[in-house]
Amino acid sequence: MKTKKRKIMGWTFVIPASIMIVIFNFVPMIQSFILSLKRGSGTNMIFTGFSNYKRMFQDKIFKMTLSNTFIYLILEVAIMLVMAMFLASLLNDKRLKGKWFFRLAIFLPCTTSLVSYSIIFRSLFSVDGFINTILTNLHLIASPINWLGNTWTARIVIVLALLWRWTGYNMIFFLAALQNIDSSIYEAAVVDGANAFQKFTKITIPMLRPTILLTAIMSTNGTLQLFDESMNITNGGPANTSMTISHYIYNLSFAGNPNFGYASAISYVVFILVAILAFIQMKVGDEK
Amino acid sequence: MKKKILAAILTAAMTIGMVGCGSTSSSDNGNNSASNTEASSNELTVWCWDATFNIPAMEEAEKIYQKDHPDVNVNVVETSWEDIQTKLTTAATSGQTDTLPDIILMNDTALLNNVKNYPDLFADLSDSGIDFSKFASYKTAIGTVDGKNYNVPFDSGVTALYIRTDVIGEAGYSIDDFTDITWSKFIELGEDVLAKTGKPLLSAQAGGPDLLIAMLRSAGDSMFDEDGNPNFAGNDVVAEAVEDYETMVDKGILVEVNDWDQYIGTINNGTVASVINGCWITSTIQAQEDQSGDWGVTTMPRLDNAPNATNYSNNGGAGWMVMNDSPNKDLAIDFLKNTFASSTELYDTILPTTGAVATYLPAAESDAYSQENEFFGGDKIYEKFANYGAEVPAITLGQYWEEAKSALGTALTQIQQGQDIQEALKEADDTVSFAMSE
């Protein structure tokens, strides 16, 4: 009797949230899948099956944005996670003074708005911007570099912006995980004659594995859906070489003639990519 | 006890905060929903975007309409063009047309695509009693889709060469040397001005082909041919315009910047000695008051080899549209009819302050157009714009204008990075055809 009552209690707590998730998450997901099978622009849509999915294979801009997004993914996630882990273990040092200040300073960027920090990065790296002024005054470069006007420098600026924005966020996860590692393990290692590097590779990294997995999946997911930076720092340029998939989806929907069917089909591809990558990461990360 | 007091204070603070949010958002967005309620049926909500230009024009129109209709208010909401387009798309596809205002300002180049995609969204003004023959014919042509008139034409985007007379004077030239010239002459003069004063003549947004499209139009050419197909590859006019553009970039006569704010900066900070753009840029140039008297206006250069080359073109321009589902539709139409579509008084008032060159023909006959402008050295610039406007070649605008523009911008960047011109233009053709094949 008591268990039944408890069960009902439990369900009443869960149901409101579940209904909301279904209405606001799953229903739109299904609707957008149906939309991805339709063709036409604006309000004149007809059902055409998988033609939108076939269309992607001929779309040069889609292929370009796909490869751009993977370039960001590979560069950014790898560098960021290594940096976050490194910073976390530095800041976890018990002898360090002013720890709170450094933690705060590194975490603070991720409280800023995506759009405003993007605009600041754009002005920092403009031709007559701060970075060029500093570099020319230090005589490191002879004439200003057009950072946002060249393919690779534009991509690098976006990766730098992402690193600045997200490293602190991931560091907090690593810090939390590091504090759960029993210090006696390290003491035992010291007794056994391990040096700092060995302690890091043989103890810290294996103990952090679940956190590495978590942050890797989160960052992969975030990078595949990258939008604000592409839109606001480079506006996709030069010649679409820094545009992300999400930015392209936006352009298909809102710049020029709206093609929502095709845009939904591409967003389903992103969805599938996230799922595949997360699955691979879980297989690799979960050796047990 | 202490905790309870603290909690009470926090709750109070949050409530006040929320009330604060509520009131601000209702002044920003509330007017959208307000258009549905009985009380506000005398309020028209308008979306337009330029605080030095079309917003003051609309506010003047309100004053003029209020003389006969004192109970009608116009609520102008500053909304950037990109935002208007996004909001239109969202509202039209979701069927939530009550989120839209009563009147919007529509960019000429986007009108066709919006009317074609959302045929029922905009009010058909054909039988409204507005006399469309009183507007410049190329403007009414833009607003006419399948024989129906959809907009009340507003400003002209006729292009001009705005030039710093003090800078070219330093190099030994006068504005006459820049009048009615070809691009090759312009480049030659530009090199000399650059060598003598260190100032490039022009600036442009990298990857933004506005100048290039204006060059095409000056020769009666468009991004689309008469059948509506993309018109880049194998088109000698496009190739010539691109070559001229690239020559100017290579020689440092044209500096490229990355966004619109930097572009405005190059004009107002005196980085460049001239501007080629639609005449709506006047109010931006005039905003830099310490340069008063240093600017002159003349015709833009023409292409050397193109068969129909002229010194006149058009870039931009917009018109007012009424939303079909607006509960105040009739009032909105009546408002436009009695202001922008018939009041020369309105155009006389807004011309000196905003520089909005009207496409309402009777307005051009008024004295306001022959007034001298101190900022431009006492020149009668509005008369010039009106005269240039009569010479602009009519061209085909396409439903896929935005897509073509972005493809041309991409091609331009690729050519700068060393790609063969025809190859890049072919690719642009393919991109546009691909977008059109949806």
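Just so it is clear, the structure is predicted and the values come from calculations on it, not from any experiment.

Asker: Tell me about the overall build of chain A, and name the residues and values.
Answerer: Scanning chain A from N- to C-terminus turns up 13 helices and two strands. Seen along its three principal axes, the alpha-carbon backbone of chain A occupies a region of about 80 × 75 × 30 Å. Counting over 288 residues, chain A shows a buried share of 30%.

Asker: Talk me through the overall build of chain B; I want residue IDs and the actual numbers.
Answerer: What chain B contains, in helices and strands, is 18 helices and 12 strands. Its C-alpha atoms give chain B a radius of gyration of 24 Å, near enough to 22 Å, the size a compact globule of 438 residues would have. Referenced to the eigenvectors of the C-alpha coordinate spread, the extents of chain B come out at roughly 75 × 65 × 50 Å. The 438 residues of chain B split such that 48% are buried. Once local pairs closer than 6 in sequence are excluded, the contacts in chain B between residues at least 24 apart make up 77%.

Asker: Give a description of the domain arrangement of chain B that names residues and reports values.
Answerer: Residue and element names in this part refer to chain B. Examined at the domain level, chain B breaks down into domain 1 (38-156 + 316-365) and domain 2 (159-315 + 395-436). Distance from the C-alpha centre of domain 1 to the C-alpha centre of domain 2: 29 Å. Facing 15 residues of domain 1, the contacting portion of domain 2 comprises 14 residues. No other element matches the five residues that helix 5 (residues 108-117) contributes to the side of domain 1 that touches domain 2. In the side of domain 1 that touches domain 2, the residues fall into five nonpolar, eight polar and two charged.

Asker: Which residues make up the sheet that holds strand 6 (residues 152-153) of chain B, and what values go with them?
Answerer: Residues and elements named next belong to chain B. Taken in spatial order, the five strands of this open sheet run 2-1-3-12-6, and their pairing is mixed. At either margin of the open sheet sits one strand with a lone partner, and together these are strand 2 (73-78) and strand 6. Where strand 3 (residues 103-107) lies against strand 12 (residues 318-322), five bridges are found, and the strand directions are antiparallel. For Met106, the partnering residue across the bridge sits in strand 12 and is Gly319. Most of the contacts of helix 13 (residues 329-338) go to strand 12, to which it runs at about 150 degrees, and overall it touches strand 1 (43-48), strand 3, strand 6 and strand 12.

Asker: Residue-level account of the environment of Ala214(B), with values.
Answerer: All names here are of chain B. By the element assignment, Ala214 lies in helix 9 (residues 210-218). Ala214 gets classed as buried once you count the C-beta atoms within 10 Å, which come to 21. With 56 residues separating them in the primary sequence, Ala214 and Val158 have C-alpha atoms 9.5 Å apart. Each residue touching Ala214, except ones within four places of it in the same chain, is listed here: Thr159, Ile276, Ser313 and Asn315.

Asker: If you had to explain the confidence of the model for chain B to someone new, which residues and values would you point to?
Answerer: Residue and element names in this part refer to chain B. With 91% of its residues at a pLDDT of 70 or more, chain B shows a mean pLDDT of 85. Below pLDDT 50 for its whole length, residues 15-40 participates in 17 contacts with residues either more than four positions away or in separate chains. In the predicted assembly, ipTM is 0.79 and pTM is 0.81.

Asker: Talk me through the sheet that holds strand 10 (residues 274-278) of chain B; I want residue IDs and the actual numbers.
Answerer: All names here are of chain B. One open sheet holds the three strands; their spatial order is 10-7-11, and the pairing between them is antiparallel. With one partner strand each, in any of the chains shown, strand 10 and strand 11 (295-298) form the two edges of the open sheet. Across the sheet, the mean angle separating the axes of adjacent strands is 25 degrees when strand polarity is ignored.

Asker: Which residues make up the pairing of strand 9 (residues 254-257) of chain B, and what values go with them?
Answerer: Residues and elements named next belong to chain B. Taking every second residue as pointing to the same face, both faces of strand 9 are buried, with Leu254 and Glu256 on one and Val255 and Val257 on the other. Bridge count between strand 8 (residues 202-205) and strand 9: four bridges; the pairing is parallel. Looking at strand 9, one finds that Leu202 is bridged to Leu254.

Asker: Outline the environment of Ile333(B), listing residues and values.
Answerer: Residues and elements named next belong to chain B. For Ile333, the location among the structural elements is in helix 13. Separated by 174 residues in the primary sequence, Ile333 and Thr159 have C-alpha atoms spaced 30 Å apart. Excluding anything up to four places from it in sequence, Ile333 contacts Ala123, Leu125, Ser128 and Val322.

Asker: An account of the pairing of strand 3 of chain B is requested, with residue identities and associated values reported.
Answerer: Residues and elements named next belong to chain B. Taking burial as the measure, the five residues of strand 3 include four buried ones, the bulk of the element. Direction of pairing for strand 1 relative to strand 3: parallel, over a ladder of two bridges. Bridging from a neighbouring strand, Trp47 pairs with Ile104 of strand 3.

Asker: So, helix 5 of chain B: which residues are in play, and what are the values?
Answerer: Residues and elements named next belong to chain B. For helix 5, the buried fraction is high: eight of the 10 residues fall into the buried class. Of the residues making up helix 5, those classed as buried are Asp108, Thr109, Ala110, Leu111, Asn113, Asn114, Val115 and Asn117. Its buried side turned inward, helix 5 meets helix 4 (81-94), strand 3, helix 6 (137-143), strand 4 (144-145), strand 12 and helix 17 (401-416).

Asker: I'd like a description of the packing of helix 17 of chain B against helix 18 (residues 421-436) of chain B, backed by residues and values.
Answerer: Residue and element names in this part refer to chain B. Packing of helix 17 against helix 18 brings their axes to within 9 Å, and their N-to-C directions diverge by 155 degrees. If you check the angle between helix 17 and helix 18, you find them roughly antiparallel. With respect to the hand of their crossing, helix 17 and helix 18 are arranged in right-handed fashion. Contacts between helix 17 and helix 18 pair Glu403, Ala404, Ala407, Leu408, Thr410, Ala411, Gln414 and Ile415 from the former with Ile421, Ala424, Leu425, Glu427, Ala428, Thr431, Val432 and Ala435 from the latter. A class-by-class count of the residues in the contact of helix 17 with helix 18 yields 11 nonpolar, three polar and two charged.

Asker: Tell me what's going on with the interface of chain B and chain A, and back it up with residues and numbers.
Answerer: Each partner contributes residues to the interface: chain B has 24 residues there, and chain A has 24 residues. For the side of chain B that touches chain A, the per-class residue count stands at six nonpolar, 14 polar and four charged.

Asker: Go over the nonpolar core, please, and point to the residues and values.
Answerer: Counting residues in hydrophobic clusters, the biggest one holds 130 residues, and the most contacted among them are Leu212(B) and Val322(B). With seven residues, the single largest contributor to this core is helix 17 of chain B. Taken domain by domain, the makeup of this core includes at least three residues from each of domain 1 (38-156 + 316-365) and domain 2 (159-315 + 395-436) of chain B. Beyond its immediate stretch of four places on either side in the chain, Val322(B) contacts Asp102(B), Ile103(B), Phe122(B), Ala123(B), Leu125(B), Lys329(B), Ala332(B), Ile333(B) and Leu336(B). The next biggest cluster of nonpolar side chains, apart from the first, holds 28 residues, and it includes Ala88(A), Ile106(A), Phe125(A) and Ile233(A).

Reading the values: the criteria
Residues numbered from 1 in each chain as written. Chains lettered and ligands numbered in written order. Predicted model: local features only at pLDDT ≥ 70, side-chain atom pairs only at ≥ 80, totals over all residues. Helix = DSSP H or I, 4+ residues; strand = E, 2+ residues; numbered from the N terminus. Buried ≥ 20, exposed ≤ 12 C-beta atoms within 10 Å, placed from the backbone. Rg over C-alpha atoms; globule rule 2.2 N^0.38 Å. Contact = placed C-beta atoms within 7 Å. Domains from an automatic or database assignment. Nonpolar A, V, L, I, M, F, W, Y, C, P; charged D, E, K, R; others polar. Pairing = 2+ DSSP bridges. Axes fitted to C-alpha atoms, helices over the stretch in contact; angles between N-to-C directions. pLDDT = per-residue confidence, 0-100. Parallel < 35°, antiparallel > 145°, perpendicular 65-115°, else oblique. Left-handed = near helix turned anticlockwise from the far one by under 90°. Core = buried A, V, L, I, M, F, W, Y, C linked by C-beta atoms within 7 Å.

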